[in-house]
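A closer look at the structure
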Amino acid sequence: MRALADQLRDAGALRTAGRWREAEVAYKRILSRTPELADTWYNLGFVQRQLGRFEAALQSYETALSRGVG
């Protein structure tokens, strides 16, 4: 398995490139193994908002807040 830092970097690069669907998949994969990552929940919410998945985005933002996003 690739290091978490590498996975986060790659997901961030997909987000920055506007490759929303791929970024969503990458963030969900990371969070399935490490759900405590508040910033990753926030980033997932951002990507979901870009995809027009507003309810999912709100849920991701709520999870980010509950986990102490900065």
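The model shown is predicted, which means the values in this text are computed figures rather than measured ones.

Thresholds applied
Residues numbered from 1 in each chain as written. Predicted model: local features only at pLDDT ≥ 70, side-chain atom pairs only at ≥ 80, totals over all residues. Heavy atoms only, no water. Helix = DSSP H or I, 4+ residues; strand = E, 2+ residues; numbered from the N terminus. Rg over C-alpha atoms; globule rule 2.2 N^0.38 Å. Buried < 20%, exposed > 50% of the residue type's maximum accessible area, 1.4 Å probe, protein only. Core = buried A, V, L, I, M, F, W, Y, C linked by side-chain atoms within 4.5 Å. Contact = heavy atoms within 4.5 Å. Polar contact = N/O pair within 3.5 Å; in protein donor to acceptor, adjacent residues only side chain to side chain. Axes fitted to C-alpha atoms, helices over the stretch in contact; angles between N-to-C directions. Parallel < 35°, antiparallel > 145°, perpendicular 65-115°, else oblique. Left-handed = near helix turned anticlockwise from the far one by under 90°. Nonpolar A, V, L, I, M, F, W, Y, C, P; charged D, E, K, R; others polar. Expected span 1.5 Å × (residues − 1). Arc of directions from axis to C-beta.

A closer look at the overall build of the chain
Across its full length, the chain holds four helices and zero strands. Over its C-alpha atoms the chain spans a radius of gyration of 11 Å, differing by no more than 12% from the 11 Å that the globule rule assigns to 70 residues. The C-alpha extent of the chain, read off along each of the three principal axes, is 30 × 25 × 20 Å. For the chain, with 70 residues in total, the buried portion stands at 33%.

Observations regarding the nonpolar core
Grouped together as the largest cluster of nonpolar side chains are eleven residues: Ala 11, Leu 14, Ala 23, Ala 26, Tyr 27, Ile 30, Leu 31, Trp 41, Leu 44, Val 47 and Ala 64. The set of elements that each furnish at least two residues to this core consists of α1 (4–16), α2 (20–33) and α3 (38–50). Of the residues forming this core, the biggest block, five residues, is contributed by α2. Once residues within four sequence positions are removed from consideration, Val 47 is found in contact with Arg 15, Trp 20, Ala 23, Glu 24 and Tyr 27.

So, the side chain of Thr 34
Looking at the secondary structure, you find Thr 34 in the loop between α2 and α3. A polar atom in the side chain of Thr 34 sits 2.9 Å from the backbone oxygen of Ile 30.

Quick notes on the packing of α1 against α2
To characterise two packed helices, one gives the angle between the axes of the helices and the distance between these axes. At a closest axis distance of 8 Å, the pairing of α1 and α2 adopts a crossing angle of 155°. In terms of orientation, α1 and α2 fall into the roughly antiparallel class. Handedness of the α1/α2 crossing: left-handed. Counted together, Leu 4, Gln 7, Leu 8, Ala 11, Gly 12, Leu 14 and Arg 15 of α1 and Trp 20, Glu 22, Ala 23, Ala 26, Tyr 27, Ile 30 and Arg 33 of α2 form the full contact between these two elements. Split into classes, the residues belonging to the contact of α1 with α2 amount to nine nonpolar, two polar and three charged.

Some thoughts on α2
Every α-helical turn comprises 3.6 residues, leaving residues that sit three or four positions apart pointing alike. End to end, α2 covers 20 Å across 14 residues, agreeing with the expected 20 Å (1.5 Å per residue, within 8%). When α2 is considered as a whole, its buried residues turn out to be Ala 23, Glu 24, Ala 26, Tyr 27, Ile 30 and Leu 31. Burial along α2 is one-sided: seen end-on, the buried residues are contained in an arc of 165°. Seen from the open side of α2, the exposed residues pointing more than 90 degrees away from its buried face are Arg 21 and Ser 32.

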